[in-house]
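Read off the chains here:
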Amino acid sequence: MTKKEFIEELAKLGIVLTEDQEQKLEHFYNLLLEWNQKINLTRIIEKEDVYLKHFYDSLTIVKVIDLNKVETLCDVGSGAGFPGVVLKIVYPNLKVTLVDSLQKRVNYLNTIIKELNLNEIKAIHTRSEDLKEKYDVVTARAVANISKLTSYTMHLLKKDGQLIAMKGDIEKELTKEVYKELNSKYKIVKIEEFTLPKENSKRSIIIITNK
C-alpha cells in the first residue's frame, strides 16, 4: 500500500489526516526500522507492508467505534506500538496507556512517544493482570487467544467500557463452544469481519463488555 493508497483507503473509513499526522506516521516508520535492528519488533519492514498491515490495520478499529468520543484507552501487549501509537497520532484526544511485559519494548515505546512529541500517552512495563486502572476502551491486536485475553483484560474496563480485540481469521479460535462460554461470563457485543485492501487477508474485530 503506497502512501497515496493509504490516504485514499483511510478516507473510506472517514479518516482525513493532517500534514502533521502524515509526517508523524512517516517518522514512526523510520524509528520502527531503526529500533527493529536492535530488538525484535516486527518481521514486516517493507514500507508499503507497514502502511497496510500495521498503520491501516490499526485504524480499522474505527469500523466499530468512534474514537472521537473516547477519553481513555489502554493498549495491552502494545509491542511495536500497534494499534496504540497509531491511534494516538490520528486521535490526539485519546489518553493512551501502552502496556508491555518486556522492558526493552517499553523503552522503545517511550522513545517513540518522545521523538513524535506525543502528549497524554505513556508506556508502562507491567502485565495487564497487575494493572489497577480503569479505561473506556482496552485494545489488543494479535494478543493471545480470546479466552485468555478476556481473563486478563476485562477487569481494566470502566462500567460501560469495551474490550476491542483485533484479530485475523477467528473461525478456528471462536468456536461455538468458546463463543457460548465467553457469552456466559461477558457480553459479546459485535464481531466485525472484513478483508484488508490490496491483499484481501481476513480480519476480525470483536467487541466484548462486562455484563
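Further up the page is the structure itself.
The following refers to the structure shown. Bear in mind that the values here come from a model prediction, so they are computed numbers and not experimental data.

## Structural notes on the overall build of the protein
Counting secondary structure elements, the protein contains 7 helices and 7 strands. In terms of C-alpha radius of gyration, the protein reaches 16 Å, essentially the compact-globule figure of 17 Å for 211 residues. If you take every contact in the protein between residues at least 6 apart in sequence, the share linking residues at least 24 apart comes to 67%. On the protein, roughly 10,600 Å² of surface is accessible, and the fraction owed to carbon and sulfur atoms is 47%. Each charge class in the protein can be summarised by its mean position, and for the 34 positive and 31 negative side chains these summaries are 5 Å apart.

## A word on the pattern of salt bridges
Close approach of charged atoms lets side chains of opposite charge pair. If you walk through the whole model with that rule in mind, you get 19 salt bridges. Its salt-bridge partner being Glu-199, residue Lys-53 comes within 3.5 Å of it at the nearest N-O pair. Taken together, the residues span a long stretch of sequence, with Lys-53 in helix 3 (residues 47-59) and Glu-199 in the loop between strand 6 (186-195) and strand 7 (202-210) at a distance of 146 residues. On the basis of relative accessible area, Glu-199 is assigned to the partly exposed category, the value being 34%. Here Asp-100 and Arg-105 are joined by a salt bridge, their closest N and O atoms 2.8 Å apart. In this structure Arg-105 comes out as partly exposed when scored by relative accessible area, which is 22%.

## Quick notes on the packing of aromatic side chains
For the structure on display, the rule yields 7 aromatic pairs. Plain terms: the ring middles of Trp-35 and Tyr-108 are 5.6 Å apart, the flat faces sit at 55° to each other, and that makes the pair tilted. With a gap of 73 residues between them, Trp-35 in helix 2 (residues 19-36) and Tyr-108 in helix 5 (residues 103-115) connect regions that are remote in the sequence. On the basis of relative accessible area, Tyr-108 is assigned to the buried category, the value being 0%. When the ring of Tyr-51 is compared with that of Phe-55, the centres are 4.8 Å apart and the planes differ by 70°; the resulting orientation is edge-to-face. You can see Tyr-51 and its partner Phe-55 sitting in helix 3, 4 residues apart, about one turn around the helix. Taken together, the aromatic side chains of Phe-6, Phe-28, Tyr-51, Phe-55 and Phe-82 make up a single cluster linked through ring pairs. Positioned above the aromatic ring of Trp-35, the side-chain terminus of Lys-38 is 4.4 Å from the ring centre. In this arrangement the basic side chain of Lys-63 is found over the ring face of Phe-194, its NZ or CZ atom lying 4.7 Å from the centre.

Basis of the calculations
Residues numbered from 1 in each chain as written. Predicted model: local features only at pLDDT ≥ 70, side-chain atom pairs only at ≥ 80, totals over all residues. Heavy atoms only, no water. Helix = DSSP H or I, 4+ residues; strand = E, 2+ residues; numbered from the N terminus. Rg over C-alpha atoms; globule rule 2.2 N^0.38 Å. Contact = heavy atoms within 4.5 Å. Areas by Shrake-Rupley, 256 points an atom, 1.4 Å probe, with all protein chains shown as cover. Lys, Arg positive; Asp, Glu negative; His and termini not counted. Charge placed at Lys NZ, Arg CZ, Asp CG, Glu CD. Salt bridge = Lys/Arg side-chain N within 4 Å of Asp/Glu carboxyl O. Buried < 20%, exposed > 50% of the residue type's maximum accessible area, 1.4 Å probe, protein only. Phe/Tyr/Trp six-rings, centres within 6.5 Å; stacked < 30°, edge-to-face > 60°. Lys NZ or Arg CZ within 6 Å of the ring centre and 35° of its normal.

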